[in-house]
Amino acid sequence: MSAPGEHEFTVAGSEVVHIGRVVGLRIDDVVMPGGKTAKREVVEHLGAVAILALDEHDEVTLIHQYRHPLGHRLWELPAGLIDKPGEDPVDSARRELVEEAGLTAGDWVTLVDVAASPGFTDEVVRVFLARDLSEVDRELLGEEEADLVARKFPLAEAVRMALAGELVNGATVSGVLAAHAVLSGAAPARPADAPWRDRSSRFAQRLAEG
């Protein structure tokens, strides 16, 4: 048996259980330390982007959106899937910002990359900071988006909401706290096209292959 931290977790076999519109489910037989295998359920995801749009008054736009698994509406950053083949993540973010918040931005940087729940899904969300904002007409693409409510909050209030448990979406909490860190000078943001090692790709590849 290898020393702790040195074992290579290889996959001895894999079974695809479900292929949906947004996610897939596979079960891997993973070789564990000692040589036995263990089954690991993996939800494959297209990957997503979220946008912390900050105006000249340091106010952030949040979206009130119904989330069926939790059964109620959540305050979240504008966000969406990277679901157009070959689309650059920042271009996905530009599109989602128009669709959900009716905003465009002249300045984009990367705040954080957030693994949604790496114990069972490969979904990773890239959160951008968007500034130099302009208002445009929203593109309503369906009944769900027509139900969205957008509202501006001072960034300091959004930080309070995150720490009070009033914001629970992982990318939203991470983006709000990261923006506060960047604006306070605690750490710099990365370029909008910064390398993204853990970007979700397996499910998009499955869909492309048919």
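Computed from a predicted structure; not experimentally measured. (Residues numbered from 1 in each chain as written. Predicted model: local features only at pLDDT ≥ 70, side-chain atom pairs only at ≥ 80, totals over all residues. Heavy atoms only, no water.)

**Considerations on the overall build of the chain**
Consideration 1: Across its full length, the chain holds 5 helices and 11 strands.
Consideration 2: The burial tally for the chain puts 39% of its 210 residues in the buried class.
Consideration 3: Counted over contacts in the chain with a minimum sequence separation of 6, partners at least 24 positions apart contribute 62%.
Consideration 4: A total accessible area of about 11600 Å² is found for the chain, and carbon and sulfur atoms account for 52% of it. (Helix = DSSP H or I, 4+ residues; strand = E, 2+ residues; numbered from the N terminus. Buried < 20%, exposed > 50% of the residue type's maximum accessible area, 1.4 Å probe, protein only. Contact = heavy atoms within 4.5 Å. Areas by Shrake-Rupley, 256 points an atom, 1.4 Å probe, with all protein chains shown as cover.)

**Points about unusual backbone geometry**
Consideration 1: Residues other than glycine seldom take positive phi values, yet Asp58 does so here, at roughly 60°.
Consideration 2: Relative to the helices and strands, Asp58 resides in the loop between strand S4 (48–53) and strand S5 (59–67).
Consideration 3: Positive phi outside glycine occurs at Asp132, with the angle close to 60°.
Consideration 4: Tracing the backbone shows Asp132 in strand S9 (residues 124–135).

**Here's the deal with the layout of surface pockets**
Consideration 1: The calculated volume of the second largest pocket comes to roughly 240 Å³.
Consideration 2: Leu46, Ile82, Asp83, Lys84, Pro85, Gly86, Glu87, Arg199, Ser200, Ala204, Leu207 and Ala208 together form the lining of the second largest pocket.
Consideration 3: Among the residues forming the lining of the second largest pocket, the class breakdown is 6 nonpolar, 2 polar and 4 charged. (1 Å grid on protein atoms, 1.4 Å probe; cavity = no way out; pocket = protein on both sides within 12 Å on 5 of 7 lines; lining within 4 Å. Points joined across faces, edges and corners; volume = space filled by probe spheres on them. Nonpolar A, V, L, I, M, F, W, Y, C, P; charged D, E, K, R; others polar.)

**Looking at the domain arrangement of the chain**
Consideration 1: Entries for the chain in the domain assignment read domain 1 (10–44) and domain 2 (47–184).
Consideration 2: Taking the mean C-alpha position of each, domain 1 and domain 2 sit 30 Å from one another.
Consideration 3: Contact with domain 1, which involves 5 residues of that partner, is made by 4 residues of domain 2.
Consideration 4: Taking both sides of the interface into account, the surface hidden between domain 1 and domain 2 amounts to around 370 Å²; carbon and sulfur atoms contribute 54%.
Consideration 5: Between domain 1 and domain 2 we count 0 salt bridges in total.
Consideration 6: When the residues that make up the side of domain 1 that touches domain 2 are grouped by side-chain class, the tally is 3 nonpolar, no polar and 2 charged. (Domains from an automatic or database assignment. Buried area = accessible area lost by both parts, 1.4 Å probe. Salt bridge = Lys/Arg side-chain N within 4 Å of Asp/Glu carboxyl O.)

**A short note on the sheet that holds strand S8 (residues 103–115)**
Within a sheet, neighbouring strands are paired by backbone hydrogen bonds and run either parallel or antiparallel to one another.
Consideration 1: The strand order S7-S4-S9-S8-S11 describes an open sheet built from 5 strands, whose pairing is mixed. In this open sheet, the two strands that pair with only one neighbour each are strand S7 (79–81) and strand S11 (190–191).
Consideration 2: Judged from the 6 bridges that link them, S4 and S9 form a sheet pairing that is parallel. What sits directly across from Leu52, in S9, is Leu129.
Consideration 3: Helix H1 (residues 89–101) contacts S4, S7, S8 and S9 of the sheet and is inclined by roughly 115° relative to S8.
Consideration 4: Lying on the sheet, helix H4 (residues 170–183) is in contact with S4, S8 and S9; it crosses S8 at an angle near 110°. (Pairing = 2+ DSSP bridges. Axes fitted to C-alpha atoms, helices over the stretch in contact; angles between N-to-C directions.)

**As for the packing of aromatic side chains**
Aromatic ring pairs: the centre-centre distance and the angle between the two ring planes describe each pair.
Consideration 1: Within the structure shown, the criterion is met by 2 aromatic pairs.
Consideration 2: Relative to Phe153, the ring of Trp75 lies with its centre 5.0 Å away and its plane at 80°, an arrangement referred to as edge-to-face. Separated by 78 residues along the polypeptide, Trp75 in strand S6 (residues 72–76) and Phe153 in strand S10 (residues 149–154) bring together distant segments of the chain. (Phe/Tyr/Trp six-rings, centres within 6.5 Å; stacked < 30°, edge-to-face > 60°.)

**Notes on the sheet that holds strand S1 (residues 11–19)**
Consideration 1: Taken in spatial order, the 3 strands of this open sheet run S1-S2-S3, and their pairing is antiparallel. Edge positions in the sheet fall to S1 and strand S3 (37–45), since each of these pairs with one other strand and no more. Neighbouring strand axes in the sheet, compared pairwise and without regard to direction, differ in orientation by 20° on average.

**A look at the pattern of salt bridges**
Consideration 1: Taken as a whole and assessed by the stated rule, the structure comprises 18 salt bridges.
Consideration 2: For Arg95, the salt bridge goes to Glu96, with nearest N and O atoms at 3.3 Å. By the burial criterion, Arg95 is buried, and Glu96 matches it.
Consideration 3: Connected through shared salt-bridge partners, Asp83, Glu87, Arg95, Glu96 and Glu99 make up one network.

**Remarks on the nonpolar core**
Consideration 1: Counting residues in each nonpolar core, the largest one holds 24 residues, and the members touching the most others are Leu52, Val60, Leu62 and Val127.
Consideration 2: Of all the secondary-structure elements, those providing two or more residues to this core are S4, S5, S8, S9, helix H3 (155–163) and H4.
Consideration 3: Core analysis: the second largest hydrophobic core is formed by 16 residues, Val49, Ile51, Trp108 and Trp196 among them. (Core = buried A, V, L, I, M, F, W, Y, C linked by side-chain atoms within 4.5 Å.)

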